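Notes for the structure review
What follows is each chain in one-letter form.
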Amino acid sequence: MPLHRGSSAINWAIINGDRETGLTIFWPDQGIDTGAILLQKSCPIGPDDTVGSIYFNHLLRWVWMP
């Protein structure tokens, strides 16, 4: 998780009309987007959500204020 990898994962979730997206914080190893998972969080994508609203109102809020 999330389904779409890389730095624009939430952008692609919105573009593709996904109903849910997520955030994974991991300890990278030698691979690309691989390593030990430290935290995971998912959230629904609402009809008016933007990348900013998902990051700041859902995902990062959870990371910094659990």
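All right, on to the overall build of the protein then. Check the secondary structure of the protein and you find two helices and two strands. When its helices and strands are written in sequence order, the protein yields α-β-β-α. Across the 66 residues in the protein, those meeting the buried criterion constitute 21%. Considering only contacts within the protein whose residues lie at least 6 apart along the sequence, 37% involve residues at least 24 apart.

It is worth spelling out the pairing of strand 1 (residues 20-28) at this point. With nine bridges connecting them, strand 1 and strand 2 (residues 35-44) associate as antiparallel partners. In the sheet register, W27 faces strand 2, and the bridge partner there is A36. Where strand 1 folds back onto strand 2 in an antiparallel hairpin, the turn is made up of six residues, including D33, whose phi is positive at roughly 55°.

To continue, consider the confidence of the model for the protein. Summing up the model confidence of the protein, the mean pLDDT is 85 and the portion of residues at 70 or higher is 89%. Here helix 2 (residues 51-64) is the element of the protein with the lowest mean pLDDT, 81, and helix 1 (residues 9-15) is the one with the highest, 93.

Moving on, we get to the environment of L59. Mapped onto the elements of the fold, L59 is located in helix 2. The residues touching L59, leaving out its near neighbours within four places in the chain, are I10, G22, L23, K41, C43 and I54.

To continue, consider a nonpolar patch on the surface. Taken together, the side chains of W27, L38 and L39 define a hydrophobic patch exposed on the protein surface, amounting to about 350 Å² of accessible area. Inspection of the secondary structure puts W27 in strand 1.

Attention now moves to the side chain of S53. Inspection of the secondary structure assignment puts S53 in helix 2. Separated by 2.8 Å, the side chain of S53 and the backbone nitrogen of T50 make a polar contact.

This paragraph deals with the nonpolar core. In this structure, I10, A13, L23, C43, I45, I54 and L59 together form the largest nonpolar core, which totals seven residues. Among the elements of the structure, helix 1 and helix 2 are those that each provide at least two residues to this core.

What follows covers the side chain of T21. Mapped onto the fold, T21 is located in strand 1. Aside from chain neighbours lying at most four places away, what touches T21 is I10, A13, K41, S42, C43, I45 and I54.

Conventions and cut-offs
- Residues numbered from 1 in each chain as written.
- Predicted model: local features only at pLDDT ≥ 70, side-chain atom pairs only at ≥ 80, totals over all residues.
- Heavy atoms only, no water.
- Helix = DSSP H or I, 4+ residues; strand = E, 2+ residues; numbered from the N terminus.
- Buried < 20%, exposed > 50% of the residue type's maximum accessible area, 1.4 Å probe, protein only.
- Contact = heavy atoms within 4.5 Å.
- Pairing = 2+ DSSP bridges.
- pLDDT = per-residue confidence, 0-100.
- Patch = residues over 30% accessible without salt bridge, like charges linked within 9 Å, V, L, I, M, F, W, Y side chains within 5 Å.
- Areas by Shrake-Rupley, 256 points an atom, 1.4 Å probe, with all protein chains shown as cover.
- Salt bridge = Lys/Arg side-chain N within 4 Å of Asp/Glu carboxyl O.
- Polar contact = N/O pair within 3.5 Å; in protein donor to acceptor, adjacent residues only side chain to side chain.
- Core = buried A, V, L, I, M, F, W, Y, C linked by side-chain atoms within 4.5 Å.

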